[in-house]
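Working through the structure, step by step
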Amino acid sequence: MKFIRNFDIDIIRLKEGEHLFHFEIGEEFLAHFEVIKEVVHKAAIRVDVKLDKRINLIEADFDVQGTVELTCDRSLEKFNQPLAVQHKILYKYGEEEKEINEEVFLITKDTPAINVAQLIYEFILLAIPAKKIHPEHRIEGDEEEEEDGWIVYEAGEERNEDDTSNAEQNPFWEALKNLKNNE
């Protein structure tokens, strides 16, 4: 727990305005989070946090830059994956501490510090691609799928919507078409 306190930002003493904080993420950070150790073997990451403290809220801009060592899903070889993530979190002042959504947290006026370790951990995990492919084993189709953000699986023969052979065989389809045409 003492290590996690290294990621505390003492906000009660901060004056209004912008403040910069820097964190280095390495092996010691990975050791504190069980799930990430299964995916990431090594990490060399720098996290810059720019806090903009205002009267009723604190805006935190996270800039995560570095590399993580992953295992390729195809060849099982280890490789370095670059990470570059920017994310914004808002801390609003309220009567109790709670998470409103993934980007807005409610804190009290007398909250002494905010801990950013969990947020940094989540940003790193979200930046790791779902399909971990070594750069030497990538093919053209891999990059296209990553850019689209969709994985499409198609099985069977291609069907034409104008194909009425199934509709003629099934009387229920004919009844449904009649209902649709009557509207």
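Residues numbered from 1 in each chain as written. Predicted model: local features only at pLDDT ≥ 70, side-chain atom pairs only at ≥ 80, totals over all residues. Heavy atoms only, no water.

Before going further, it helps to spend a moment on a nonpolar patch on the surface. A cluster of nonpolar side chains, W173, L176 and L179, forms an exposed patch at the surface whose accessible area comes to about 350 Å². Position of L179 relative to the elements: it lies in helix α6 (residues 171–182). Its relative accessible area of 55% is what places L179 among the exposed residues. (Patch = residues over 30% accessible without salt bridge, like charges linked within 9 Å, V, L, I, M, F, W, Y side chains within 5 Å. Areas by Shrake-Rupley, 256 points an atom, 1.4 Å probe, with all protein chains shown as cover. Salt bridge = Lys/Arg side-chain N within 4 Å of Asp/Glu carboxyl O. Helix = DSSP H or I, 4+ residues; strand = E, 2+ residues; numbered from the N terminus. Buried < 20%, exposed > 50% of the residue type's maximum accessible area, 1.4 Å probe, protein only.)

Inspection of the secondary structure assignment puts H134 in the loop between α3 (117–127) and α4 (140–148). Here E136 takes part through its backbone nitrogen, which lies 3.0 Å from a polar atom of the side chain of H134. When near neighbours in sequence (up to four residues on either side) are disregarded, H134 contacts C72, S75, E77, K78 and F79. (Polar contact = N/O pair within 3.5 Å; in protein donor to acceptor, adjacent residues only side chain to side chain. Contact = heavy atoms within 4.5 Å.)

There is a patch of like negative charges on the surface, built from E99, E102, E103 and E122. Of note, E103 is situated in the loop between β6 (98–101) and β7 (104–107). (Lys, Arg positive; Asp, Glu negative; His and termini not counted. Charge placed at Lys NZ, Arg CZ, Asp CG, Glu CD.)

What the six strands build is an open sheet, ordered β2-β3-β4-β5-β7-β6; its pairing is mixed. In this open sheet, the two edge strands, each paired with only one partner strand, are β2 (17–25) and β6. In this sheet, neighbouring strand axes are inclined to one another by 20° on average, regardless of whether the strands run parallel or antiparallel. Bridge count for strand β4 (residues 57–71) against strand β5 (residues 78–93) is 15 bridges, and the pairing is antiparallel. What sits directly across from L57, in β5, is K92. α3 contacts β2, β3 (42–53), β4, β5 and β7 of the sheet and is inclined by roughly 135° relative to β5. (Pairing = 2+ DSSP bridges. Axes fitted to C-alpha atoms, helices over the stretch in contact; angles between N-to-C directions.)

Generally speaking, a soluble globular protein has its nonpolar side chains buried in company with each other. The biggest cluster of nonpolar side chains holds 42 residues, and the ones touching the most others in it are F29, F62, Y91, I120 and I124. Contributions of two or more residues to this core are made by β2, α1 (27–31), β3, β4, β5, β7 and α3. Beyond its immediate chain neighbours, meaning those up to four positions away, F29 contacts F3, F7, A117, I120, Y121 and I124. (Core = buried A, V, L, I, M, F, W, Y, C linked by side-chain atoms within 4.5 Å.)

The antiparallel hairpin formed by β4 and β5 contains six residues in its connecting segment, where L76 sits at a positive phi of about 65°. For β5 and β7, the ladder comprises four bridges, and the chain directions are parallel. Paired with L90 across the bridge in β7 is V104.

Below, the discussion takes up the pairing of β7. Going residue by residue along β7, you find V104 and L106 tucked away on one face and F105 and I107 tucked away on the opposite face as well. Taken together, the three bridges between β6 and β7 define a ladder with antiparallel strand orientation. Note on β7: the bridge partner recorded for E99 is F105. Between the antiparallel neighbours β6 and β7 lie two residues.

Inspection of every chain in the model, using the stated rule, returns five aromatic pairs. The interplanar angle of 70° and the centroid separation of 5.2 Å between the aromatic rings of F62 and F123 together place this pair among those described as edge-to-face. With F62 in strand β4 and F123 in helix α3, the pair connects residues that are 61 residues apart, well separated along the chain. On the numbers, 5.6 Å between centres and 25° between planes, the contact of Y91 with F105 is stacked. (Phe/Tyr/Trp six-rings, centres within 6.5 Å; stacked < 30°, edge-to-face > 60°.)

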